[in-house]
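Architecture and fold: a report
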Amino acid sequence: MVISAAQLGFRELNEKIKSTSEDACINDCYGQRFIACGASDKTITINGTPGNALGAYLDGALVQVNGNAQDAVGDTMNGGKIVIHGNVGDALGYSMRGGEIYVKGDAGYRTGIHMKQYKEIKPVIVIGGSVGSFLGEYLAGGIIIVLGLGAEDIPMGHFTGTGMHGGRIYIRTNAEVDSLLAENLLVTQVIAEEATPEELTEIESYISEFAALFGMGEAKLANDRFLLLRPNTNNPYKQLYTKI
């Protein structure tokens, strides 16, 4: 089904998408919210800019955006895949519980906030460019990968990993941990070390998928230096409440 969203409000557009069991191609999208909310069994292609909460509660569908997306993409997402061929706004993957999100460009503040996992159900976010401050805030599970393509050597903002108590963050950068701490780009409650070749095997398949989705070579990405951030489980909230 092909839908022109030019004259449709978000309620009418979403009713049209939900009314068919066919795959949907949405043209002329101009900020309509909640597209693909709860979708489980179709491919939804969007040409334009979807509004907030794209793919909220997504439960298995594939969502592809040929453009940028706004805030809260994948909010409380359970499963499926979201592919953004542009940039995204704030709170990407908020409380995400499963599935995968791939973004070719940059992401805003609080990417992966409150992401979590249950046993083998592990959410994954891959950002091709850079991210804003508070990346992985209160992260409880899953994997976040920041590739920093086209960015400066430090592809994230301040206070990365604040409140992090689970999951892992991989950041492709040559920056040293001490300099990141000195500039408040990292917090001391997070353990940050250069990822070993063995640890990088955890993300090889996601980097391969990113490269395939966006037509990029994966060899250089897989062989570059990554920092691995994981929570300091001894006292993850120490910096928030006490002076160090």
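Each remark here, short or long, concerns the structure printed above.
All values derive from a computational prediction rather than experimental measurement. (Residues numbered from 1 in each chain as written. Predicted model: local features only at pLDDT ≥ 70, side-chain atom pairs only at ≥ 80, totals over all residues. Heavy atoms only, no water.)

Before going further, it helps to spend a moment on the pairing of strand E5 (residues 79–84). Here strand E4 (residues 59–66) runs beside E5; their pairing, made up of five bridges, is parallel. Residue pairing for E5: Val-63 is matched across the bridge by Ile-82. Where E5 meets strand E6 (residues 100–103), four bridges bridge the pair, whose relative direction is parallel. Across the sheet, Ile-84 pairs through a bridge with Val-103, a residue of E6. (Pairing = 2+ DSSP bridges. Helix = DSSP H or I, 4+ residues; strand = E, 2+ residues; numbered from the N terminus.)

What follows is about the environment of Asn-232. The topology assignment puts Asn-232 in the loop between strand E11 (226–231) and helix H6 (238–241). Asn-232 gets classed as partly exposed once you look at its relative accessible area, which sits at 21%. A C-alpha to C-alpha distance of 21 Å links Asn-232 and Arg-172, two positions 60 residues apart in sequence. Beyond its immediate chain neighbours, meaning those up to four positions away, Asn-232 contacts Gln-189, Val-190 and Ile-191. (Buried < 20%, exposed > 50% of the residue type's maximum accessible area, 1.4 Å probe, protein only. Contact = heavy atoms within 4.5 Å.)

For the rest of this paragraph, the subject is unusual backbone geometry. Not every positive phi belongs to a glycine, and Asp-28 is a case in point at roughly 60°. If you trace the backbone, Asp-28 turns up in strand E2 (residues 24–30). The phi angle at Asn-184 is positive, at roughly 60°, despite the residue not being glycine. Summarising the element assignment, Asn-184 is placed in the loop between helix H2 (177–182) and strand E10 (190–194).

What follows covers the pairing of E2. Strand direction decides the pairing type here: strand E1 (residues 2–4) and E2, joined by three bridges, are parallel. For Ile-3, the partnering residue across the bridge sits in E2 and is Ile-26. In this region the chain leaves E1, passes through helix H1 (residues 10–18) and returns to the parallel neighbour E2; the handedness of that crossover is right-handed. Bridge analysis of E2 against strand E3 (residues 43–49) gives five bridges, and the strand direction is parallel. (Right-handed = clockwise from strand over helix to strand, strands pointing away.)

This part is about the side chain of Ser-95. Assignment of secondary structure puts Ser-95 in the loop between E5 and E6. Overall, the relative accessible area of 11% leaves Ser-95 in the buried class. Not counting residues within four places of it along the chain, the set of residues in contact with Ser-95 comprises Thr-76, Ile-113, His-114, Met-115 and Lys-116.

Looking only at H1, the buried set comprises Phe-10, Leu-13, Asn-14 and Ile-17. What you see down the axis of H1 is that its buried residues fit within an arc of 95°, all on one side. In this structure, H1 carries Arg-11 and Glu-15 as exposed residues pointing more than 90 degrees from its buried face. Tucked into the core, H1 has its buried residues touching E1, E2 and E3. (Arc of directions from axis to C-beta.)

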